[in-house]
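A closer look at the structure
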Amino acid sequence: MSDPVLMETLGALVPKGVRVLDLGCGNGAMLEWLRIHRNCSGYGVEIDDANVLACVQRGVNVLQLNLEEGLAMFGDQSFDVVLQIDTLQHLRNAQTMLRETARVGRIGIVAFPNFAHWPNRLSVLRGRMPVTKRLPYEWYDTPNIRVGTYADFEVLAERNGLRILDAFGLQNGRKIRFMPNLCASTAVFKFERG
């Protein structure tokens, strides 16, 4: 993640000085931002070799692991906050990883592309899968193995005994609290075990 507005918005959800685990941390930019601006420490988990190297170059602690294999190496509530920023849609075991996020961290924060955003709905109505700034791939070459909506996540959280502490959409760097399922390209949730 390299969007400074997105990092600042999501970073504001993380209390100062806490231990953070960033699942699918990419190049480590978010963890670096949290270290500099929120005095946080912690680890990133990433599978891609180039991203692991980028994390090391940033001075970010990173573990090269496949999230599909779970988080058994971490004890219950090992971290204050566990992040999944643009990770859930890439996982086959998304529900399991969501439960693991709640187990390993006191607080979980997820952000993902909201498939119910109105331009996406319009594309589907026209008979085509959407290609947008937030979903920039054609259906046949996307790294996303699933799509979800803001409303879908609310149901998933309830089914898994999670208590939502804060939820909003993001659109063009602005928080959307009125009709986020329709009006926001990104869904953001902060939660804890219920």
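My aim in this report is to walk through the structure given alongside it, one point at a time.

So, how was this worked out
- Residues numbered from 1 in each chain as written.
- Predicted model: local features only at pLDDT ≥ 70, side-chain atom pairs only at ≥ 80, totals over all residues.
- Heavy atoms only, no water.
- 1 Å grid on protein atoms, 1.4 Å probe; cavity = no way out; pocket = protein on both sides within 12 Å on 5 of 7 lines; lining within 4 Å.
- Points joined across faces, edges and corners; volume = space filled by probe spheres on them.
- Nonpolar A, V, L, I, M, F, W, Y, C, P; charged D, E, K, R; others polar.
- Buried < 20%, exposed > 50% of the residue type's maximum accessible area, 1.4 Å probe, protein only.
- Helix = DSSP H or I, 4+ residues; strand = E, 2+ residues; numbered from the N terminus.
- Right-handed = clockwise from strand over helix to strand, strands pointing away.
- Pairing = 2+ DSSP bridges.
- Salt bridge = Lys/Arg side-chain N within 4 Å of Asp/Glu carboxyl O.

As for empty space enclosed by the protein
For the structure on display, the rule yields one cavity of 30 Å³ or more. The volume enclosed by the largest cavity comes to roughly 50 Å³. The wall of the largest cavity is formed by Gln89, Phe112, Pro113, Asn114, Phe115, Leu135, Asn144, Arg146, Val147 and Gly148. Tallied by class, residues from the lining of the largest cavity come to five nonpolar, four polar and one charged.

Brief notes about the pairing of strand E5 (residues 105-113)
Within E5, eight of the nine residues are buried, which leaves it mostly tucked inside the rest of the structure. Note that the unit made of strand E4 (residues 79-85), helix H4 (residues 94-104) and E5 has a crossover that is right-handed. Bridge count between E5 and strand E8 (residues 186-193): six bridges; the pairing is antiparallel. The residue bridging Ile109 from the neighbouring strand is Lys190, located in E8.

What to know about the pattern of salt bridges
With the rule as written, the count across this model stands at seven salt bridges. Measuring nitrogen to oxygen at the nearest pair gives 2.8 Å for the salt bridge that ties Glu100 to Arg103. You can see Glu100 and its partner Arg103 sitting in helix H4, three residues apart, about one turn around the helix. Taking the relative accessible area as the measure of exposure, Glu100 reaches 16% and is therefore buried. Its relative accessible area of 15% is what places Arg103 among the buried residues. Note that Arg163 is salt-bridged to Glu192, the shortest N-O span being 2.1 Å. Highlighted residues: Arg163 in strand E6 (residues 162-171) and Glu192 in strand E8, separated in sequence by 29 residues. We classify Arg163 as partly exposed; its relative accessible area is 46%. Relative accessible area serves as the criterion here: at 22%, Glu192 is assigned to the partly exposed category.

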